[in-house]
Amino acid sequence: MKSSFCLSLQKSYRPFLDLFLHQRSTSFQNEKRAMQTLFPACKQYHSTCYLHPRKSSSTIYVHTKCHQNLNTALLKSTLKIRNSTVISKRCYNSTRSNNDNSNKDLAKSSKYPGSNAVISDRYIYVKTLDSLYEDVLNGIVLDTAYGDSRPDDDFNPSVPVVLALHDTPGSHKDVVPLLSFFAKLGCRTVCPTFPGHGETRGIMRNFDDIFSQATMERATFVHDFLGDLGIERVDVVIGVGASSYTAMALCLQKTDVYKSMALISPWPHTQPRFEVNSKMMERIHELWEMVYFRPLARLFLPALKVGNAVTSDEKITACYLIKNLDFGEADGFALTAAMTNVPRLVAYGGKDDLVSEALYEDVLSKLGIDSDQVISDHQRGPSKDIENHPRALRFPDSGYDILNQHRAVLCAHILQLLRQFHPSIKI
């Protein structure tokens, strides 16, 4: 029998695990066990995570397809793990089970309602933000959730690629119904969940603090994510809400990779979408920056109104995103898009509760979309005389959530955008 001293010693390690390993729901016990194998216990943390002295090795599972060219030594150096082994493993998809035997390659595909096309839920470790900050030269590693209609296929230039970026708050599952239409047409559709949203988290807690939701961080993350998947070109980038900034950044800084963009209910360029809550969000951000006050902040966060965020984590993420918005940068992206004539489509509702139509018209003006290029008679769908871009769709009787209210019309117009690069694609 173990002595009470040994038992208490074992229990003393638990707070360190709770502090540095994310607490997931019961459906993620598999991943938790894997992470406990990766970091069995922490005796000290000060920019370096040390393994328990009695543990001489650990195991890192990486996706063979996504990380076949990964520098293993660099990964070990980044994670500060000594005597560790990197084992290649296929990227697991679908729902993570709490079954003890689930170390097998989980390959259950999930079919979303209203679609015959299968878009799998996938998870992959993405290393990003390399050399973006002077004090984080090796970047961070994120356990990233995403959807992919062709997860086992290599990149094929002849196959159209559609990338969708979800809103804040949200996850990749919010855009799956829209992408299912393009998946049925044979396109490869991909949609990642941004860090701090849904199930995407840093493999160490300080990684989540490093990612501050700035537009350039989000664009860098998406580009690195696609690079890990081996995707070399994206025909259409769909940005919903807050992701409209990221979509513009990608299309205008990587013009050889990202060919066109469709912005659905884009956030304004002159004020935050949640302007009425902006002062409250700034105070929450300041309080959250002081680590020792975070437990106190969590006590009153459920009672605070932060946009349309529901959970405390969603509210914190929204506060960071609003705090790090750079409207001058957004204006620069929009004006550059107008000058370079990047194929672009904007869709918005005329009765948005938080953003006036004048603010949407300001975005259109900066994007170089004139009033005669705005289509209000949307029920007809695209016709031959309006196939040219840029153009905008105005839904006069709708609010912010046109993604779900007018999905069929949006798909028809985005398809016209896609046909500029793949004329042979047909319904």
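Refer to the structure printed above.
Presented here is an overview of the structure given in this document.

Definitions and cut-offs
- Residues numbered from 1 in each chain as written.
- Predicted model: local features only at pLDDT ≥ 70, side-chain atom pairs only at ≥ 80, totals over all residues.
- Heavy atoms only, no water.
- Helix = DSSP H or I, 4+ residues; strand = E, 2+ residues; numbered from the N terminus.
- Buried < 20%, exposed > 50% of the residue type's maximum accessible area, 1.4 Å probe, protein only.
- Contact = heavy atoms within 4.5 Å.
- Areas by Shrake-Rupley, 256 points an atom, 1.4 Å probe, with all protein chains shown as cover.
- Pairing = 2+ DSSP bridges.
- Right-handed = clockwise from strand over helix to strand, strands pointing away.
- Patch = residues over 30% accessible without salt bridge, like charges linked within 9 Å, V, L, I, M, F, W, Y side chains within 5 Å.
- Salt bridge = Lys/Arg side-chain N within 4 Å of Asp/Glu carboxyl O.
- Core = buried A, V, L, I, M, F, W, Y, C linked by side-chain atoms within 4.5 Å.
- Phe/Tyr/Trp six-rings, centres within 6.5 Å; stacked < 30°, edge-to-face > 60°.
- Lys NZ or Arg CZ within 6 Å of the ring centre and 35° of its normal.

Observations regarding the overall build of the protein
The helix and strand tally for the protein stands at 14 helices and 12 strands. Taken over 427 residues, the protein has a buried fraction of 54%. Sequence-distant contacts, at least 24 apart, represent 72% of the contacts inside the protein between residues at least 6 apart. Approximately 19600 Å² of the protein is accessible, and the part contributed by carbon and sulfur atoms is 51%.

Some remarks on the pairing of strand E5 (residues 161–165)
For E5, the buried fraction is high: five of the five residues fall into the buried class. Here three bridges tie E5 to strand E6 (residues 188–192), and the two strands are oriented parallel to one another. Each residue of the ladder has a partner; that of Leu 163, found in E6, is Val 190. A crossover links E5 with its parallel partner E6, the connecting element being helix H4 (residues 176–184), and its sense is right-handed. Pairing of E5 with strand E8 (residues 236–240) involves four bridges; the strand directions are parallel. Counterpart to Leu 165 in the pairing with E8 is Gly 239.

Side note on a nonpolar patch on the surface
Residues Met 290, Val 291, Tyr 292, Phe 293, Leu 296, Leu 299 and Phe 300 make up a contiguous nonpolar surface patch of roughly 790 Å² in combined accessible area. The topology assignment puts Phe 300 in helix H9 (residues 294–300). The exposure class assigned to Phe 300 is partly exposed, which follows from its relative accessible area of 31%.

Topic: the nonpolar core
Of all hydrophobic cores here, the largest spans 72 residues; its most connected members are Leu 163, Leu 226, Tyr 258, Trp 267 and Leu 367. Here this core gets seven residues from one element, more than from any other, and that element is helix H7 (residues 243–253). Discounting chain neighbours no more than four positions away, the residues touching Leu 163 are Val 190, Pro 192, Val 222, Leu 226, Val 234, Val 236, Val 237, Ile 238, Leu 250 and Tyr 258. If you look at the next biggest cluster of nonpolar residues, it comprises 32 residues, including Val 236, Val 240, Leu 345 and Leu 403.

Considerations on the environment of Lys 426
With respect to the helices, strands and loops of the structure, Lys 426 is situated in the segment after helix H14 (407–418). A C-alpha to C-alpha distance of 9.7 Å links Lys 426 and Gly 186, two positions 240 residues apart in sequence. Residues contacting Lys 426, with those up to four places away along its chain left out, are Leu 185 and Arg 419.

Re the packing of aromatic side chains
Note on aromatic pairs: each is described by the distance of the centres and the angle between the planes. Summed over all chains, the structure comprises seven aromatic pairs. A centroid spacing of 5.1 Å and a plane angle of 85° characterise the contact between Phe 181 and Phe 182, whose relative ring orientation is edge-to-face. On the basis of relative accessible area, Phe 181 is assigned to the partly exposed category, the value being 22%. One cation-aromatic arrangement involves Arg 218 over Phe 194; the distance from NZ or CZ to the ring centre is 3.9 Å. When the ring centre of Tyr 400 is taken as origin, the NZ or CZ atom of Arg 273, which lies over that ring, is 3.5 Å away.

Some words on the pattern of salt bridges
Counted under the stated rule, the structure contains 15 salt bridges. Taking the shortest distance from any N to any O, the salt bridge between Glu 282 and Lys 323 comes out at 3.9 Å. Note that Glu 282 is positioned in helix H8 (residues 278–289) and Lys 323 in helix H10 (residues 312–323), a separation of 41 residues in sequence. Taking the relative accessible area as the measure of exposure, Lys 323 reaches 40% and is therefore partly exposed. Residue Lys 351 is joined to Asp 397 by a salt bridge in which the shortest nitrogen-to-oxygen separation is 3.9 Å. Pair noted here: Lys 351 is in the loop between strand E10 (344–349) and helix H12 (357–366) and Asp 397 is in the loop between strand E12 (391–395) and helix H13 (402–405), with a separation of 46 residues, a long-range link. An identical accessibility class is assigned to Lys 351 and Asp 397; each is exposed. A cluster of three or more residues bridged by salt bridges with shared partners is formed by Arg 201, Arg 298 and Asp 313.

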